[in-house]
Structures are given as C-alpha cells and as structure tokens.
Amino acid sequence: MTLTLIGHNRKFAVEQAVLNYFPKRDGGSAVVRLSESGRLASAMIEYNGKTARGRAWTQPGSSPDNALRFAFYRAAKQIVTPPPWGALTGVRPVKKALEIRGGGHNVAAELSRRYDVSPARAKMAADCAESAASLRERLKPGDFALYIGIPFCPTRCAYCSFVSSAVQKERRLTREYLDTLREEIELAGETVRELGLRLRSIYWGGGTPAILEPDGLSLLLCKLREVFALDGLWEHTFEAGRPDAVTAEKLQAAREGGVTRISVNPQALHQNVLDAIGRKHTPEQFFEAFELARKAGFSNINTDLIAGLPGDSRFLDSLENILALCPENITVHTLAKKRGSRVAQENMQVGSAPAVAEMLDGANGLLQNAGYNPYYLYRQKFTEGGFENTGWSKPGYECLYNLCMMEELCTVLSLGAGGVTKWVGGSRIERLFHCKYPLEYIQRRDIMKDNLSAFAELYRRPNR
Ligand code: SF4
C-alpha cells in the first residue's frame, strides 16, 4: 500500500495501523492528513476499487498519533473486516486496560466504546488487567524476577526467528556456555545481595532448556540455591520446551532443584503439522512427556499451542486433547510470520485471518467452559488479523513471571545469551542487552560484568 502523509511526519504511527488492517500491504493507497491546527486527522484509502474516508479529533494535550490511527481505522473498517482489537494498536492491550481501570472506569465497556474492541477481546483484556493489578499490589519495591536463557534447540522450528542455536551445530559450546552461565549466576547473586533485592520468580526460557543434561541442570540449580536467597520465591518455572528433549531424569533434576512449574510445548498434536514446522517429535512423545512430568510430581504444568500453523485444520482437536490432560496453564499463541523464519522466507501457506479467528473463538469458548481464565496477553507484529497470544490458567495458577514481564510490573534480570534485562522503576523502564549468540557470550565476560554493573547503577541512582 502506498502511503502519503500530509501535514505531519508520523510515519511510524500510520504504518502500525496499515500493518494491522492490511498486513499483506498488497496494493492500494492511503492519504493520511493532519489539519494545520493539528486537531483533525483524516484518512482516505483506495483499495480493490473501493474508496473510504475516516476522520478523528486529537484529544487536547495528547499527541496526534491516536487520532491519525483512528482516522485510518475508520476508513479501513469500511473496506476490510474490522479486526477484533478494533482501533487499538500496539502489543500490550492490557496496559490500556490498566490505565482505564486506574481511572475507575468499566474496562471492557470503555475498550469497546473508545477503541471499538470486540466484546470478547475487551472482556479478556479486562480479566488480564485484574490479574496484573492484583499482582502489582503484592509486589514490593526491591522485588524482582530472574530469567535464565538456554538458547539451544534440537532443530529449528519453521516459524522461529529466535536466536537459538541448533544443537547439532553448536553442541560443542554447551559445556562452556554452562560454565559461563554459572559464573554469571554467581556474579548476579553478589550484585543482588549488595542491593538487597528479593527474588520472587525464576523463569528458564529458550531455546529449549530441556536440552540440558540432568547433571548440567543440577549444577545450575545448585548454584542458584547457593547464591540467591530463595525463601521469598513465589514460583520457579522451567520451560522444558520440546517434548522429545524431556526425560524422567531431567524432570527429577528439576524437581529436586526446586522447580515448581514446568512447560511442555507440543504447539500442535497432528503429525502432518509437526512435520511441516520441522519439529522432530510425535504427538505421542508429548503425551509421554506430560505424563512423566506428572509422575515427577509437577502440579503446575503449562502447554503451548499455536493457531494458524501450516497445514493445521484440526487446531481445536489438539486443544481438546490437551484439555483432557487438565494442565494448570494453557497458552494459545497465534502464528506470526516473523522475518527470518522459514515460514516467511519460503512463504509457507498458513492459516488465513478468518480461519485463525475461528480457531481462537473456538479455543476461547472451550477454555472458559473448562474453567480457565485469561491472565496475560499480548499481540505480536506480523500476525494477520492482529490477533493475540493468551495465557490461560486455572484460578490461582497464573504465571507471575509472564505477568511481570508483559505488564512491566517489576524488574526482570536476564542471564545468558540473547536475554534483555528490563529494569522497572515506577514508570521508567531501562533495558540492558546481553550478547546475542552463545559464542559471543562465552568470549565476552566483560560485557556480562558491565551489564551487571549497569544494573546495580540503575538502583543506586538518586532520582530513580
Ligand atoms: S523450540 Fe522455540 S526457540 Fe527453539 S527453534 Fe522452536 S520456536 Fe525456536
């Protein structure tokens, strides 16, 4: 779609809106104008032989971005099916819901009234805002979460653009990587002790943390116990990841090391789909891994599914099979065609926006009927239809790390390659980026040390 901006230079705001309503950007043109006074935004879209116009007023004292997006949305919805999130752009709809809640308004009603959000999505955002608000009340200054990154995977999934190293290629680095990580855990423990912070949540992500052998995992867990005070810890999640990497010995090591929540992620439960996305496991391996996790004593298990995967016409069937296992958490993702992924590069045939809408609507109904509530959600770029990823949980099993991370409720200190430490000081957020690749991480201990010093400095600043 060709864009012409008149009277302003707010390209980013308008492009976000274009991406939301015309994700393929396949032809057409739009003129988006801001009046000389800066108060009135208008848009004219020509697409597939249709012409539509929309207007919106800038709110006093606020930037014209919202008005520009709204004007674009009002024109776009005359041409394409209005997306479920209406005129709401951005990846964190719950932030907006929290703002509305803070103003003492009815969140769902206001999201629908102000942004044309569908009643079902408005209710989900309102539920998530409640979960975030209740955790925010529990958190005290100095509480923080710890993220540990294991950026290795057995093979690369077709939809992945994450910096994970296929283990066949990088296996030689695993031992050194673990040594470096132990060193970083040690240094992080010292820093945290000096600052007097309280560790509330630990989350192991990846990659595929279950790629670690039991002895390597035990050594890391042991180091965590040695250097951090874990008596105030509320949860400890190990995102095992691929079912084919899970074994009874690894689960045992995780349990003995203090892990309380585990994630085993099939993404789909039909072989044709697993084959299409390059995951070298079977649906049966997922069921076996889930059973092993229960046998190992895990009473809080999450499983991830993705709606819209190539060749997946039985998404709800996968979900029903998972519901039959009664996991405490189910996370429903929507496929994003990320640049750099095989799905995007090979232009693989994925679920269309209407098909994904049907999958998500069906999933939401099934999950609610089975007693799950949405507790966190976010949207990603490059999802057709602007859909969301939603974490559902049985009451009382919400993953606090996911809430902290997504709603920026407390500082998250990241260790390992590819991580981003997010320091939260009230409304101020600072990010510290770690080395992206395992080799760089191993070789650049200086960056690791600099990051921890910068982290400490953020807490020491007088005006923080
Ligand atoms: S398991 Fe996750 S990180 Fe690993 S390749 Fe697949 S999507 Fe990427």
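No experiment lies behind these values; they were computed from the predicted model shown. (Residues numbered from 1 in each chain as written. Predicted model: local features only at pLDDT ≥ 70, side-chain atom pairs only at ≥ 80, totals over all residues. Heavy atoms only, no water.)

### Observations concerning the nonpolar core
Inside soluble globular proteins, nonpolar side chains tend to come together where they are buried. Ranked by size, the top nonpolar core spans 136 residues in total, and within it Phe22, Ile45, Phe72, Leu111, Leu146, Trp204 and Phe228 carry the most contacts. The dominant element in this core, judged by the number of residues it contributes, is helix α5 (residues 119-138), at 9 residues. Among residues more than four places away in sequence, those in contact with Phe72 are Met1, Ala17, Val18, Tyr21, Phe22, Ala30, Val32, Ala43 and Ile45. (Core = buried A, V, L, I, M, F, W, Y, C linked by side-chain atoms within 4.5 Å. Buried < 20%, exposed > 50% of the residue type's maximum accessible area, 1.4 Å probe, protein only. Helix = DSSP H or I, 4+ residues; strand = E, 2+ residues; numbered from the N terminus. Contact = heavy atoms within 4.5 Å.)

### Some remarks on the layout of surface pockets
Rolling a probe over the atoms, with the probe sized like a water molecule, indicates the empty space that remains. Taken as a whole, the second largest pocket encloses approximately 1,200 Å³ of empty space. Considering the residues around the second largest pocket, the lining is formed by 37 residues, among which Asn66, Arg69, Leu88, Thr89 and Gly90 are closest to the centre. Contributing elements (two or more residues each) for the lining of the second largest pocket: α1 (11-21), β4 (50-57), α2 (65-76), α3 (93-102) and α4 (107-115). When grouped by side-chain class, the residues that make up the lining of the second largest pocket number 12 nonpolar, 12 polar and 13 charged. (1 Å grid on protein atoms, 1.4 Å probe; cavity = no way out; pocket = protein on both sides within 12 Å on 5 of 7 lines; lining within 4 Å. Points joined across faces, edges and corners; volume = space filled by probe spheres on them. Nonpolar A, V, L, I, M, F, W, Y, C, P; charged D, E, K, R; others polar.)

### Focus on the domain arrangement of the protein chain
Domain boundaries in the protein chain define domain 1 (1-80), domain 2 (84-131) and domain 3 (139-454). For domain 1 versus domain 3, the distance between C-alpha centres works out to 36 Å. (Domains from an automatic or database assignment.)

### Looking at the environment of Ile330
As for its position among the elements, Ile330 is in strand β12 (residues 329-334). Placed 11 residues apart in sequence, Ile330 and Leu319 show a C-alpha to C-alpha distance of 9.0 Å.

### As for the pairing of strand β3 (residues 40-47)
With 6 of its 8 residues buried, β3 lies for the most part within the structure. Bridge count for strand β2 (residues 29-34) against β3 is 6 bridges, and the pairing is antiparallel. Its bridge partner lying in β3, Val31 is registered against Met44. In this antiparallel pair of consecutive strands, β2 and β3, the connection spans 5 residues, and Gly38 shows a positive phi of 80°. (Pairing = 2+ DSSP bridges.)

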